[in-house]
Amino acid sequence: MIVRKTAAELEKMRQSGLLVWTILEELRKLVREGITTQDLEAVAEKMIRDAGARPAFKGYYVPAAGAKYPFVLCTSVNQEIVHGMPSAKRVLKNGDIVSIDTGVEMNGYYGDSAITLPVGEVKPETVRLIEVTARALELAIEKARPGNRLSDICGAVQEHVESNGFSVVREYVGHGIGTQLHEEPQIPNYVDRKSENPRLKEGMVLAIEPMVNAGRPESQVLPDHWTAVAKDGSYSAHFEHCVAVTANGPWVLTRP
Ligand code: MF3
Ligand code: CO
């Protein structure tokens, strides 16, 4: 069942969404050659606690990993797609890209968002990967309107990514969000004719999160049981926003 939110609930989700945005904007300023992903983790955790919120990822049980995720951020560098873990040993260097994904729970409601940033100067092809992924998310957000179907969102991502010569990761998907981090429906970044295709209705909130590989779409999980990487070692980008379906069109909760 897809839970629909009232206007009052959306206002609460808005507060969680804006906190996530504030954190990511702070981290955006800090990302540069020489900083470690653990440095980013420490800043984010302090901001979440200071706001009186709770990190959504830290302690979250993920069945596929058979364990609770231990950090407030996922920091996925270069060929890492998602679920990269912050580390004091991971020093960002010129030419890297880093996806920063975080979520919070405040007053019972979740927010979840991700951005991918270049470190220093990256190759033109890598700039294009980041731009195409960000644009795919915007095109998908535009489809989050009452009367459209879920496949309009999935198809918008897939079409933009593949027409630009990149590929969409199949093993990880977006999701509904509300009083749980992960609610129905699952939101693939491709049109999956076998999965349900609900009509979008007012009050639904969708965490749309394209994960795009520069090369082949296949992924694998590293022996740490968490880090998902592109099998062919190509760079991967990831952006995510929480979007409410409203009578006035899409409302992106995770940016002002
Ligand atoms: N944005 C991701 C998601 O919504 C990150 C979750 S990391 C986890 O699935 F470890 F908490 F699962
Ligand atoms: Co998410």
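In this report, the structure presented in the accompanying data block is examined.

Rules and cut-offs
- Residues numbered from 1 in each chain as written.
- Chains lettered and ligands numbered in written order.
- Predicted model: local features only at pLDDT ≥ 70, side-chain atom pairs only at ≥ 80, totals over all residues.
- Heavy atoms only, no water.
- Donors = N, O, S within 2.8 Å, 3.2 Å for Na, K, Ca; no water.
- Tetrahedral: all angles 85-135°; square planar, octahedral: opposite > 155°, others 65-115°.
- Salt bridge = Lys/Arg side-chain N within 4 Å of Asp/Glu carboxyl O.
- Helix = DSSP H or I, 4+ residues; strand = E, 2+ residues; numbered from the N terminus.
- Buried < 20%, exposed > 50% of the residue type's maximum accessible area, 1.4 Å probe, protein only.
- Near = heavy atom within 4 Å.
- Polar contact = N/O pair within 3.5 Å; in protein donor to acceptor, adjacent residues only side chain to side chain.
- Nonpolar A, V, L, I, M, F, W, Y, C, P; charged D, E, K, R; others polar.
- Contact = heavy atoms within 4.5 Å.
- Pairing = 2+ DSSP bridges.
- Core = buried A, V, L, I, M, F, W, Y, C linked by side-chain atoms within 4.5 Å.
- Axes fitted to C-alpha atoms, helices over the stretch in contact; angles between N-to-C directions.

### Observations concerning the coordination of the cobalt ion (ligand 2)
Between any two of four tetrahedral donors, the ideal angle at the metal is 109.5 degrees; between two of six octahedral donors, it is 90 or 180 degrees.
Right, on to step 1. Every protein donor of the cobalt ion (ligand 2) is listed here as Asp112 (OD), His175 (NE2), Glu209 (OE) and Glu240 (OE), and their distances to the metal cover 2.1 to 2.3 Å.
Right, on to step 2. Seen from the cobalt ion (ligand 2), its 6 donor atoms lie at angles of 65 to 171°, and the figure they make is irregular.

### A closer look at the pattern of salt bridges
Note that side chains of opposite charge can pair when their charged atoms are close.
Right, on to step 1. With the rule as written, the count across this model stands at 15 salt bridges.
Right, on to step 2. Its salt-bridge partner being Glu105, residue Arg54 comes within 2.8 Å of it at the nearest N-O pair. With Arg54 in strand 1 (residues 54-55) and Glu105 in strand 6 (residues 97-106), this pair connects stretches of sequence that are 51 residues apart.
Right, on to step 3. The residue Glu125 makes a salt bridge to Arg128 at a minimum N-O spacing of 3.2 Å. A residue pair is termed a helical-turn pair when its members lie 3 or 4 positions apart in one helix, as Glu125 and Arg128 do in helix 3 (residues 124-142) at 3 residues.
Right, on to step 4. Arg128 sits in the partly exposed class, given a relative accessible area of 31%.

### Quick word on the site of ligand 1
Right, on to step 1. Around ligand 1 sit 13 residues, and of these Asp101, Asp112, His175, His182 and Glu240 come closest.
Right, on to step 2. Residue Asp101 places a side-chain N or O atom 2.6 Å away from a nitrogen atom belonging to ligand 1.
Right, on to step 3. Contact between ligand 1 and His175: an oxygen atom at 2.7 Å from a side-chain N or O atom of the residue.
Right, on to step 4. A class-by-class count of the residues in the shell around ligand 1 yields 6 nonpolar, 3 polar and 4 charged.

### Describing the side chain of Thr36
Right, on to step 1. You can see Thr36 is positioned in the loop between helix 1 (7-30) and helix 2 (37-50).
Right, on to step 2. With residues near it in sequence (within four places) discarded, Thr36 still touches Ser87, Ala88, Arg90 and Val91.

### Overview of the pairing of strand 17 (residues 249-252)
Right, on to step 1. Here 4 bridges tie strand 16 (residues 241-246) to strand 17, and the two strands are oriented antiparallel to one another. Residue Val245 lies in a different strand from strand 17, and its bridge partner there is Pro250.
Right, on to step 2. Between strand 16 and strand 17, which follow one another and run antiparallel, lie 2 residues.

### Re the nonpolar core
Right, on to step 1. In terms of nonpolar packing, the biggest core is built from 52 residues, with Val31, Leu40, Leu92, Val98, Ile100, Ile153 and Ile208 touching the most fellow members.
Right, on to step 2. Not counting the four nearest positions on each side in its chain, Ile208 is found in contact with Leu137, Ala140, Ile141, Ile153, Phe239, Glu240, His241 and Val243.
Right, on to step 3. Counting residues in hydrophobic clusters, the runner-up holds 19 residues, among them Leu10, Phe57, Val62 and Cys242.

### Notes on the environment of Ile81
Right, on to step 1. Mapped onto the elements, Ile81 comes out in strand 5 (residues 80-82).
Right, on to step 2. By relative accessible area, Ile81 is classed as buried at 0%.
Right, on to step 3. On a C-alpha basis, the gap between Ile81 and Ala228 in space is 5.4 Å, while along the polypeptide they are 147 residues apart.
Right, on to step 4. If sequence neighbours within four positions are ignored, Ile81 has contacts with Ser76, Val169, Met211, Asn213, Ser219, Ala228, Val229, Ala230, Ser236 and His238.

### Examining unusual backbone geometry
Right, on to step 1. Cis peptide bonds are those with omega within 30 degrees of zero, and the linkage from Glu184 to Pro185 qualifies with 0°.
Right, on to step 2. Looking at the element boundaries, Pro185 is found in strand 10 (residues 183-187).
Right, on to step 3. Residues other than glycine seldom take positive phi values, yet Asn78 does so here, at roughly 55°.
Right, on to step 4. With respect to the helices, strands and loops of the structure, Asn78 is situated in the loop between strand 4 (73-77) and strand 5.
Right, on to step 5. One non-glycine residue, Asn107, lies in the positive phi region at around 50°.
Right, on to step 6. One can find Asn107 in the loop between strand 6 and strand 7 (109-118).

### Details of the sheet that holds strand 8 (residues 167-168)
Right, on to step 1. Here 3 strands make up an open sheet; going across it, the order is 8-12-15 and the pairing antiparallel. Of all strands in the sheet, those with a lone pairing partner are strand 8 and strand 15 (236-238), marking the two edges.
Right, on to step 2. Pairing of strand 12 (residues 211-213) with strand 15 involves 3 bridges; the strand directions are antiparallel. Across the sheet, residue Val212 finds its bridge partner in strand 15, namely Ala237.
Right, on to step 3. Along the sheet, helix 3 makes contact with strand 12 and strand 15, crossing strand 15 at roughly 35°.

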